[in-house]
Amino acid sequence: MKLLVVGSGGREHAIAKKLLESPQVEQVFVAPGNDGMTFDGLKLVPIGISEHAALIDFVKENDIAWTFIGPDDALAAGIVDDFEAAGLKAFGPTRLAAELEWSKDFAKSIMKKYGVPTARYETFSDFEAAKAYIEKEGAPIVVKADGLALGKGVVVAETVEEAIEAAHEMLLDNKFGDSGARVVIEEFLEGEEFSLFAFVNSDKFYIMPIAQDHKRAYDGDKGPNTGGMGAYAPVPHLPASVVETAVDTIVKPVLEGMIKEGRPYIGVLYAGLILTADGPKVIEFNARFGDPETQVILSRLTSDFAQNIADILEGKEPDMTWANSGVTLGVVVASEGYPLDYEKGVVLPEKTDGDIITYYAGAKFGENGKALLSNGGRVYMLVTTSDSVSAAQEKIYTQLDKQDKTGLFYRTDIGSKALEK
Ligand code: AMP
Ligand code: GLY
């Protein structure tokens with residue numbers, strides 16, 4: 001069987017590599033992928049994620065059994081709808097089901113309608129009304145652009161002035177274009193964050209081990225928000241009862257709600273949650289796998305991933321199994337300056353072998369075709385599994401110590417929150 005993965009980051013590297021491990025899979029293509037993936041035998045296809053017609057032609061010409069869609073913008077652009085219209089199978093939500101991610105106002109209204117615990121909120125397109133609401137509610141308060149904004153559309157404001165400025169930038173200064181033409185203003189929630197993922201086909205869903213991301217650029221959760229600087233799974237200090245509560249109060253009702261709305265959900269559902277004093281509440285939904293959570297979570301899957309997804313696509317029960325001991329932890333290496341301006345073209349260290357896996361994101365062969373060079377903000381990630389968080393940290397950081405870090409940086413405290421508990 002031949003498969004296609006759409007996307008180019010570390011997340012897609014992990015998805016494609018895991019699919020290729022299946023004995024039934026002879027070839028995994030990635031469109032457009034990145035050069036680092038070729039070390040793992042993945043085949044790159046030079047077609048962009050928005051070129052739906054070209055992707056569909058490729059799938060037909062190459063006898064691809066089905067396609068796994070990685071990124072949110074492809075889903076928001078209706079790639080699954082276009083594949084289905086062409087009679088092809090793609091794992092991911094339709095444009096209307098993915099609205100859970102591409103409109104925060106839609107996600108909030110679904111949560112309100114179906115009683116899913118989340119921060120109290122109101123949505124505004126008029127600046128004066130938003131300003132009056134912020135003044136009435138007081139700070140801290142959270143201002144969010146309604147649409148996709150590359151993870152930058154959320155301002156957690158400590159003061160009323162900061163919140164008003166954020167609303168001004170989004171509603172009047174067009175900082176995020178159409179994505180910020182409406183803003184969701186919501187209550188600040190306090191607690192520990194974690195990511196809960198499920199493979200979904202309509203009313204059937206299969207929960208994965210929970211993970212914790214590290215969104216800030218620097219140690220101690222300092223610095224600007226990024227796509228994610230490292231992750232680990234499971235989260236040893238969060239009890240199973242929290243996950244059960246989240247499944248019952250969040251995952252089940254939202255999936256039932258989507259069916260009632262005529263938008264049955266198929267694909268990976270990503271619930272960004274916060275454990276408050278009143279139990280888990282939703283910070284956001286995403287309609288796809290997380291990056292870097294995927295790289296650690298899929299390392300723990302012990303069953304045949306390609307068979308599992310094929311079964312879920314057909315509405316059958318997948319025989320899905322996970323490692324039941326130890327912790328998987330990964331650290332992202334990024335270009336100095338990320339998430340703001342950074343240089344490209346730094347020579348990257350050799351790929352690790354053995355029990356530390358290297359997943360590539362912004363990586364590209366140089367002109368001579370030999371050296372792998374940095375080509376993006378997040379460049380690569382090292383992932384390992386060990387008995388404990390501290391043992392996994394020890395392994396990863398010992399390896400990173402040996403690597404040349406010129407022009408690159410990483411956080412030195414991934415997973416440390418688990419050690420404080
Ligand atoms: P998002 O892009 O929605 O994941 O938000 C980025 C980050 O903002 C989250 O990871 C949280 O740390 C923070 N955040 C978002 N909404 C809230 C909220 N209602 N209360 C507290 N923190 C929040
Ligand atoms: N890990 C954050 C994200 O994928 O959105």
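Here the structure is a predicted model, which is why all the values come from computation and not from measurement.

## Some thoughts on the sheet that holds strand S8 (residues 154-157)
Whether parallel or antiparallel, the strands of a sheet pair through hydrogen bonds between backbone atoms.
Inference 1: Across the sheet, four strands lie side by side as S6-S9-S7-S8; this open sheet has antiparallel pairing. Of all the strands in the sheet, the pair left with one neighbour each is strand S6 (121-124) and S8. Between one strand axis and the next, the sheet turns by 20° as a mean value, whatever way the strands run.
Inference 2: For strand S7 (residues 141-145) and strand S9 (residues 183-187), the ladder comprises five bridges, and the chain directions are antiparallel. If you follow Val 142 over to S9, its bridge partner there is Glu 186.
Inference 3: Sitting on the sheet, helix H6 (residues 104-113) is in contact with S6, S7, S8 and S9, with an inclination near 145° to S6.

## With respect to the packing of helix H7 (residues 127-137) against helix H8 (residues 160-171)
Inference 1: Contact pair H7 / H8: the axes reach a minimum separation of 10 Å and the direction vectors enclose 160°. In terms of axis orientation, H7 runs roughly antiparallel to H8. Handedness of the crossing formed by H7 with H8: right-handed. Taken together, the residues of H8 that come into contact with H7 (itself represented by Phe 127, Ala 130, Lys 131, Ile 134 and Glu 135) are Val 160, Ala 163, Ile 164, Ala 167, His 168 and Leu 171.
Inference 2: Class assignment of the residues belonging to the contact of H7 with H8 gives a composition of eight nonpolar, one polar and two charged.

## A look at the packing of aromatic side chains
Inference 1: Scanning all chains against the criterion turns up 15 aromatic pairs.
Inference 2: Consider the rings of Phe 39 and Tyr 360, whose centres lie 5.9 Å apart with planes at 65°: the pair is edge-to-face. Placement of Phe 39 in the loop between strand S2 (27-32) and strand S3 (43-44) and of Tyr 360 in strand S19 (residues 356-360) is noted, with a sequence separation of 321 residues between them.
Inference 3: Seen in terms of ring centroids, Phe 199 and Phe 289 are 5.8 Å apart; in terms of plane orientation they differ by 90°. Their pairing is edge-to-face. Residue Phe 199 is found in strand S10 (residues 192-201), and its partner Phe 289 is found in the loop between strand S17 (279-286) and helix H10 (293-297); the two are separated by 90 residues along the sequence.
Inference 4: Overall, the relative accessible area of 1% leaves Phe 289 in the buried class.
Inference 5: Each member of the aromatic cluster is reached from another via a ring pair, and the members are Phe 68, Phe 91, Phe 197, Phe 199, Tyr 270, Phe 289 and Phe 305.

## A short note on the site of ligand 1
Inference 1: As a structural note, the neighbourhood of ligand 1 is formed by 14 residues, with Glu 186, Glu 187, Leu 189, Glu 193 and Glu 284 the closest of them.
Inference 2: For ligand 1, an oxygen atom lies 2.4 Å from a polar atom in the side chain of Glu 193.
Inference 3: The fraction of the free accessible surface of ligand 1 (480 Å²) that becomes covered by protein chains is 89%.
Inference 4: At the level of elements, S7, S8, S9 and S17 are the ones that each hand at least two residues to the shell around ligand 1.
Inference 5: Residues belonging to the shell around ligand 1 are distributed by class as follows: seven nonpolar, no polar and seven charged.

Reading guide: rules and limits
- Residues numbered from 1 in each chain as written.
- Chains lettered and ligands numbered in written order.
- Predicted model: local features only at pLDDT ≥ 70, side-chain atom pairs only at ≥ 80, totals over all residues.
- Heavy atoms only, no water.
- Pairing = 2+ DSSP bridges.
- Helix = DSSP H or I, 4+ residues; strand = E, 2+ residues; numbered from the N terminus.
- Axes fitted to C-alpha atoms, helices over the stretch in contact; angles between N-to-C directions.
- Contact = heavy atoms within 4.5 Å.
- Parallel < 35°, antiparallel > 145°, perpendicular 65-115°, else oblique.
- Left-handed = near helix turned anticlockwise from the far one by under 90°.
- Nonpolar A, V, L, I, M, F, W, Y, C, P; charged D, E, K, R; others polar.
- Phe/Tyr/Trp six-rings, centres within 6.5 Å; stacked < 30°, edge-to-face > 60°.
- Buried < 20%, exposed > 50% of the residue type's maximum accessible area, 1.4 Å probe, protein only.
- Near = heavy atom within 4 Å.
- Polar contact = N/O pair within 3.5 Å; in protein donor to acceptor, adjacent residues only side chain to side chain.
- Areas by Shrake-Rupley, 256 points an atom, 1.4 Å probe, with all protein chains shown as cover.

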